[in-house]
Amino acid sequence: MINFKENEALETLNHSCAHMMAHAVKHLWPQAKFWVGPVVEEGFYYDIDLGDYTIKDEDLARIEKEMKKIAKDGKRIVRVEISREEALEQFKDDPYKVDLISRMEEGTNISMYTQGDYTDLCRGPHVDNEKMCRYFKLIKHSGAYWKGDKNNKVLQRIYGVCLPTQEELDRHLADLEDAKERDHRKLGKDLSMFMFSDIVGAGLPMYLPNGFTVRRLLSDYIMDKEIDMGYIHVMTPSVASTKLYKISGHWDHYKDDMFPVMQDRRDPDNAYVLRPMNCPEHMIMFKSKLHSYRDLPVRIAEIANDFRFEASGALTGIERARAFTQNDSHIFCTPEMIKDEIKGVTKLILDVYKDFGFENYSFRLSLRDPENKEKYFGHDELWEKSEKQLREVLKEMNVPYYEALGEAAFYGPKIDVQVKSAIGHDVTLSTIQLDYQLPERFELEYISNDGSRQRPVVIHRAILGSLDRFIAFLLEETKGILPLWLSPKQAVIIPVSPEAHGAYARKVYADLKAMGIRCSVDDRNEKLGYRIREAQTGKTPIQIVVGDGEVESNGVTVRRYGSKEQTKMSAEDFYKVLREEIASKK
């Protein structure tokens, strides 16, 4: 997917096209007044006041038709500078332009761009003439509060894209269609994986049987890997006293992102909150007994439900929700163990990405912003030490990475693994954070080999990150065609004739169920082709067709999702292939 803000030429072209769209709107609705028309990652938009008129879907075609006439005419786009006072006089009947001009300093010269019979305020730059904007498409429209304030009037926002050639535009539009088909919100609905309800609440996903199966399989998958690496799994409550978060520092740094406090009416000194993360609880668990250096590292892990009161405009299906589940862990270790532990976590991340076939990812070293230190705990020496240690690990492992100032957690620097989703989102899936601060705040200790009491270091890490975000990413990456081992339904058995071959279909079903295969029998009184198409629509990985030949030979005819080829084999051979494929997690 193209990011129109990352390419200077495309940004100029799209901003010019936004003005051409405004030009067309002014022809169609002479009463129109305009707020702003910026370039965004997806292209451009313009916020427009049309009085009492509300844009409808069919209006986009009308606007496009007028834009094509304007582009064909090819008027030059001319820049002129006038004084602030002249601008206020020229646009005195437009409250939106007056608002913009009034916020500019006195004595400022203001630039305007004129194209034919349309003039607008703008800093620019623009292309030379409107003909250069002829390869465009209006994508969608919506309402938008003026200045983003819900107390203000709702304006009409129209989105579009513009590219240098028709070929590039066609390719981009095809990519947009593909992105629509890959959107995890659409796939989640089509595949009956999860749902939302306004009555339950915005940003609170409910997982249906198919979605819950995927969550359970992912949980088992990552926990099995963690157990092999010496992690111990725990469960902690989803609600905790505000006292806990005041000790950890989250209260001062994070309370605005938490759900509102629940006050104990019977005990005014006690208040509770839904937890936004579970590191404080793990600190308390570690502190509950005295540890020797021989016990370390202690790797506490949890599949934990967390809650963050995200702004409604930021909610994006299960990719960004108010209730989510983290594959979280905290490693308590000595300073000497830091490098080996981080290397172990990094290796686990790379192993998981290999299992899922992820290739489009990069490592980001997220550092403190040295110009804004008040956002962070601790002193310079600890921060410099922590950042140096993470940098050294990445270099020693020969892992390519880039650095990002201001992206650190408030208690320490971190390594984030950024993946680019199939629809162009830049998503953080995995993270490793080095923390000297929370052990200090919770006064954690262990007995060193000389008998003295020392502070451990904590490594926060999440491999799958949020299970919800991981599932969203996986659905978009695979277009809902999940790997066989993870698919909610792995196979469907389809008898050619439900009456004649139903008994054999149910025998195959019983064999597969005994093997732990998630499957069903489609013996509805429908045509064979219809039932096969339904299995394809549901993206079931394997369709097993059984008829006279299969009954006689104790065999099966196997068809894979997305393929027209059919393979005939004995039932026993098929069962063996199926076991091996699922075990290998291909």
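In case you missed it, the structure is sitting above this.
Here goes a summary of the coordinates provided. Numbers given for residues are sequential positions, taken from 1 along each chain in its written order. It should be noted that, the model being predicted, local features are given only for residues of pLDDT at least 70 and side-chain atom pairs only at 80 or more, the latter also being counted only at that level, while totals for whole chains, interfaces and linings use all residues. The side-chain values count all of the structure's non-hydrogen atoms but skip hydrogen atoms and water molecules.

We now examine the sheet that holds strand 12 (residues 239–241). Only strands that DSSP links by at least two bridges are regarded as paired with each other. In DSSP terms, a helix is any run of H or I states spanning at least four residues, a strand is any run of E spanning at least two, and both are numbered starting from the N terminus. The strand order across the open sheet formed by three strands is 12-14-13, and the pairing between neighbours is antiparallel. On the outer flanks of this sheet lie strand 12 and strand 13 (262–263), each paired with one strand and no other. Judged from the two bridges that link them, strand 13 and strand 14 (residues 271–274) form a sheet pairing that is antiparallel. Its bridge partner being in strand 14, Q263 is matched across the sheet by A271.

The next point concerns the packing of helix 7 (residues 209–228) against helix 14 (residues 467–478). All axes here are fitted lines through C-alpha atoms, helices being fitted over the stretch that makes contact, and every angle between N-to-C directions spans 0 to 180 degrees. Contact geometry for helix 7 and helix 14: axes closest at 11 Å, N-to-C directions at 110°. As the angle between them shows, helix 7 and helix 14 are arranged roughly perpendicular. Relative to helix 14, helix 7 is oriented so that their crossing is right-handed. Between helix 7 and helix 14, the contacting residues are V214, R215, L218 and S219 on the first element and L467, D468, F470 and I471 on the second. Put simply, Ala, Val, Leu, Ile, Met, Phe, Trp, Tyr, Cys and Pro go in the nonpolar bin, Asp, Glu, Lys and Arg in the charged bin, and everything else, Gly too, in the polar bin. For the contact of helix 7 with helix 14, a count of residues per class yields five nonpolar, one polar and two charged. What sets the label is the angle itself: under 35 degrees gives roughly parallel, over 145 gives roughly antiparallel, 65 to 115 gives roughly perpendicular, and the rest give oblique. Here a crossing is taken to be left-handed if its near helix is turned anticlockwise relative to the far helix by less than a right angle, and right-handed if that turn runs clockwise. The contact definition used throughout considers only heavy atoms, calling two residues in contact when any of these lie within 4.5 Å.

Our next topic: unusual backbone geometry. With the exception of glycine, most residues fall at negative phi, and the peptide bonds are largely trans. P125 follows G124 through a cis peptide bond whose omega is -5°. As for its placement among the helices and strands, P125 is situated in the loop between strand 6 (118–121) and strand 7 (136–145). Cis rather than trans, the peptide bond between L296 and P297 has omega equal to 0°. With respect to the element layout, P297 can be found in the loop between strand 15 (291–292) and strand 16 (298–307). Unlike most non-glycine residues, K479 shows phi in positive territory, near 60°. Of note, K479 is situated in the loop between helix 14 and strand 25 (491–495). Any residue under 20% of the maximum accessible area for its type is buried, any over 50% is exposed, and the rest in between are partly exposed; the area is computed with a 1.4 Å probe on protein chains only. With relative accessibility at 27%, the residue K479 sits in the partly exposed group. At N554, a position not held by glycine, the phi torsion is positive, near 55°. The residue N554 is located in the loop between helix 17 (548–553) and strand 28 (555–560) in this model.

Another point: the side chain of E302. Tracing the chain through its elements places E302 in strand 16. Among the residues examined, E302 registers a relative accessible area of 2% and is labelled buried. Polar contact is defined as a pair of N or O atoms within 3.5 Å, subject to the rule that within protein one atom must be able to donate a hydrogen and the other to accept it, and that residues adjacent in sequence are counted only when both atoms are side-chain atoms. Side-chain polar atoms of E302 contact the backbone nitrogen of T236, separated by 2.7 Å. Apart from residues lying up to four places away in sequence, E302 is in contact with H233, V234, M235, T236, R275, N278, H282, Q326, N327 and D328.

A word on the environment of F358. Here F358 lies in the loop between helix 11 (338–356) and strand 18 (361–367). Separated by 63 residues in sequence, F358 and S421 place their C-alpha atoms 10.0 Å apart. If sequence neighbours within four positions are ignored, F358 has contacts with Y353, L429, F470, F473, L474 and E477.

Moving on, we come to the pairing of strand 27 (residues 542–546). A large share of strand 27 lies buried, amounting to five of its five residues. The alternating pattern of strand 27 places I542, I544 and V546 and Q543 and V545 on opposite faces, both of which are buried. Pairing between strand 25 and strand 27: five bridges, direction parallel. Paired with P495 across the strands is V546, a residue of strand 27.

Below, the discussion takes up the layout of surface pockets. The definitions used throughout rest on a 1 Å grid laid over the protein atoms alone, on which a cavity is an enclosed set of points accommodating a 1.4 Å probe that cannot get out and a pocket is an open set flanked by protein within 12 Å on both sides along at least five of seven lines; lining residues are those having an atom within 4 Å of a point. Grid points are joined across faces, edges and corners, and a volume is the space filled by probe spheres set on the points. Considered as a void within the structure, the second largest pocket measures approximately 520 Å³ in volume. Those elements giving two or more residues to the lining of the second largest pocket turn out to be helix 1 (8–28), helix 4 (95–102) and strand 5 (109–115). In terms of residue class, the lining of the second largest pocket is made up of 10 nonpolar, six polar and four charged.

Time to look at a negative patch on the surface. Patch definition: residues with relative accessible area over 30% and no salt bridge; like charges joined within 9 Å; nonpolar side chains (Val, Leu, Ile, Met, Phe, Trp, Tyr) joined within 5 Å. The accessible surface values rely on the Shrake-Rupley method and a 1.4 Å probe; as for residues, cover is taken only from the protein chains in view. We define a salt bridge as a contact between a side-chain nitrogen of Lys or Arg and a carboxyl oxygen of Asp or Glu at a distance within 4 Å. Here Asp and Glu are counted as negative and Lys and Arg as positive; His is not counted, and neither are the chain ends. The atom standing in for a charge is NZ when the residue is Lys, CZ when it is Arg, CG when it is Asp and CD when it is Glu. Judged by side-chain charge, E6, E41, E42 and D426 come together as a negatively charged surface patch. Residue position: E41 is located in the loop between strand 2 (39–40) and strand 3 (43–49).

Attention now goes to the pattern of salt bridges. If you walk through the whole model with that rule in mind, you get 45 salt bridges. R185 is the partner of D183 in a salt bridge, and the nearest nitrogen-oxygen pair spans 2.7 Å. A residue is classified by how much of its surface remains accessible, and D183, at 16% relative accessible area, is buried. A salt bridge links K347 to D351; its shortest N-O distance comes to 3.1 Å. Within this pair, K347 and its partner D351 are both found in helix 11, separated by four residues, close to a single helical turn. With a relative accessible area of 30%, D351 lands in the partly exposed category. Each of the salt bridges in this network shares a partner with another, and the network as a whole consists of K339, K343, K388, E392 and E396.

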